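Spelled out from the first residue to the last, the chains are:
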Amino acid sequence: MAAIPVPALLITNLPDVRYLSGFTGSNAALAITRRAARLFTDGRYTTQAAEEVKAAGLGVKVEIASGPASVAAIQWLAAQLGEQAAADKTTILQVGFDATHTTVAEVDRWREALPSKLRRKLLTPTASLVEPLRHLKDEDELAVMRQAAALGDELFSHILTIIQPGIPETAIAAELEYQARMRGAEGMSFETIVASGVRSALPHGRATQTPLPRRGFLTMDFGVILNGYCSDMTRTVYLGKPSIAERNVYEAVLAAQESAVAAVRAGVTCGEVDEAARSILRDVQLADWFTHSTGHGVGIEIHEGPRIAANQAEKLAPGMVITIEPGVYFPGDFGIRIEDMVAVTRTGGEVLTHSPKALIEL
Ligand code: ZN
Ligand code: ZN
């Protein structure tokens, strides 16, 4: 709070609320001044909010609001700042809110709830100030993310025993999701991607009723949420025997993936990591079919910063957890993607995904 230009913040983006308070419910607003932090939620969460906020041990107080939580929060902040301003003349009456995650309608509602003299100037849109903090995982968070990635590995080795021609893609997705829940996941971090045969050329092919072919690639991209943190991994396997051309493309994607993983280190730019993958594919004339970025940050949300994409000047820092997931897609023919989670360390990268990457034939 000392480092930002506003004396108070209203946090309504739920992943940010969770990060700062420990509260996991679906309705909350967190009000922060330089002296205090207060979480506003509703009566459904009286017990849960008290328990979770206490367990997080971050000194946040809980208040159950009778109306909308964010309105109660902004009114509390206005009162706090009013008191402070009365006590010391330097306090400016401003509350920062996250412009990225706030609707125009919400701002109107907050304004209407304020005393008329505060309506015009109190609310100050800012960039997201919390998400960048979330990019840097501490040891406890890394431990949870290792577990989430390990559960992904378990699910992959299990699904290899299920895959066979004729089974619909949705059955593969269902088995992954059922087993994830049976093994303790709170949910999946995104809609499971199972894309077989020609559908593997769709980078985000959600599972359909299409039966798995006798021969062809099968891409599975999935993740679990474990203790609030997301995992994300992709493996592409082959049903039957691949042609030499298919195998060559697989080997190129794998080489690109490993090259980018090897490039991960604190201080390297995200663009350099992307280029480490892209240049390998360029060398074998496949770069035109690598149609997305190399990866993304992952944590409380499945897609966070930093973006691992071409020309990104942002530098990797210790504690970031990113994905490395180059892919090559030939529309109407086939596609391949391989994705690991990697934690950035001072000297390199700790790969959190341990499933085998050599082409598996089933
Ligand atoms: Zn993925
Ligand atoms: Zn991903």
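If you're wondering where the values come from, they're calculated on a predicted model, not measured in any experiment.

Observations regarding the coordination of the zinc ion (ligand 1)
Step number 1: Within the first shell, the zinc ion (ligand 1) binds the protein through Asp221 (OD), Asp221 (OD), Asp232 (OD) and Glu339 (OE), at distances of 2.0 to 2.7 Å.
Step number 2: Around the zinc ion (ligand 1), the four donor atoms sit at angles spanning 54 to 153 degrees, and that spread fits a shape best called irregular.
Step number 3: The sequence pattern describing where the donors of the zinc ion (ligand 1) fall on their chain is D-x10-D-x106-E.
Step number 4: In this model, the zinc ion (ligand 1) sits 3.1 Å from the zinc ion (ligand 2), the two metals being bridged by Asp232. Taken together, the residues Asp221 in strand 9 (residues 216-222) and Asp232 in the loop between strand 11 (229-230) and strand 12 (233-239) connect sequence positions 11 residues apart.
Step number 5: Assessed through its relative accessible area of 3%, Asp221 is described here as buried.
Step number 6: Accessibility expressed as a relative area gives 3% for Asp232, which makes it buried.

Section: the coordination of the zinc ion (ligand 2)
Step number 1: Around the zinc ion (ligand 2), the donor atoms from the protein are Asp232 (OD), His296 (NE2), Glu325 (OE) and Glu339 (OE), and they sit 2.0 to 2.2 Å away.
Step number 2: The site at the zinc ion (ligand 2) holds four donor atoms, and with the angles between them running 78 to 151 degrees, its shape is irregular.
Step number 3: Here His296 falls in the buried class, since its relative accessible area comes to 9%.

Digging into the domain arrangement of the protein chain
Step number 1: Per the domain assignment, the segments making up the protein chain are domain 1 (8-133) and domain 2 (136-351).
Step number 2: The centre of domain 1, based on its C-alpha atoms, is set 36 Å off from the matching centre of domain 2.
Step number 3: Contacts between domain 1 and domain 2 engage six residues on the former and nine residues on the latter.
Step number 4: Interface area, domain 1 with domain 2, both sides summed: about 570 Å², of which 49% is carbon and sulfur.
Step number 5: Our count for the contact surface shared by domain 1 and domain 2 stands at zero salt bridges.

What about the environment of Leu133?
Step number 1: The residue Leu133 is located in helix 5 (residues 131-134) in this model.
Step number 2: For the pair formed by Leu133 and Asp16, sequence separation is 117 residues and the distance between their alpha carbons is 9.4 Å.

Describing the sheet that holds strand 2 (residues 29-33)
Step number 1: Spatially, the six strands line up as an open sheet ordered 4-3-2-1-5-6, and their pairing is mixed. With one partner strand each, in any of the chains shown, strand 4 (61-64) and strand 6 (123-126) form the two edges of the open sheet. The sheet shows a mean angle of 25 degrees between the axes of neighbouring strands, direction not considered.
Step number 2: The sheet contact formed by strand 5 (residues 95-98) and strand 6 spans four bridges and is parallel. Bridge pairing links Phe97 to Pro125 in strand 6.
Step number 3: Contacting strand 1 (8-11), strand 2, strand 3 (37-41), strand 5 and strand 6, helix 3 (residues 69-87) runs over the sheet at an angle of about 10 degrees to strand 2.
Step number 4: Sheet strands touched by helix 4 (residues 104-112): strand 1, strand 5 and strand 6. Its angle to strand 6, the strand with the most contacts, is close to 155 degrees.

Calculation rules
Residues numbered from 1 in each chain as written. Chains lettered and ligands numbered in written order. Predicted model: local features only at pLDDT ≥ 70, side-chain atom pairs only at ≥ 80, totals over all residues. Heavy atoms only, no water. Donors = N, O, S within 2.8 Å, 3.2 Å for Na, K, Ca; no water. Tetrahedral: all angles 85-135°; square planar, octahedral: opposite > 155°, others 65-115°. Helix = DSSP H or I, 4+ residues; strand = E, 2+ residues; numbered from the N terminus. Buried < 20%, exposed > 50% of the residue type's maximum accessible area, 1.4 Å probe, protein only. Domains from an automatic or database assignment. Contact = heavy atoms within 4.5 Å. Buried area = accessible area lost by both parts, 1.4 Å probe. Salt bridge = Lys/Arg side-chain N within 4 Å of Asp/Glu carboxyl O. Pairing = 2+ DSSP bridges. Axes fitted to C-alpha atoms, helices over the stretch in contact; angles between N-to-C directions.

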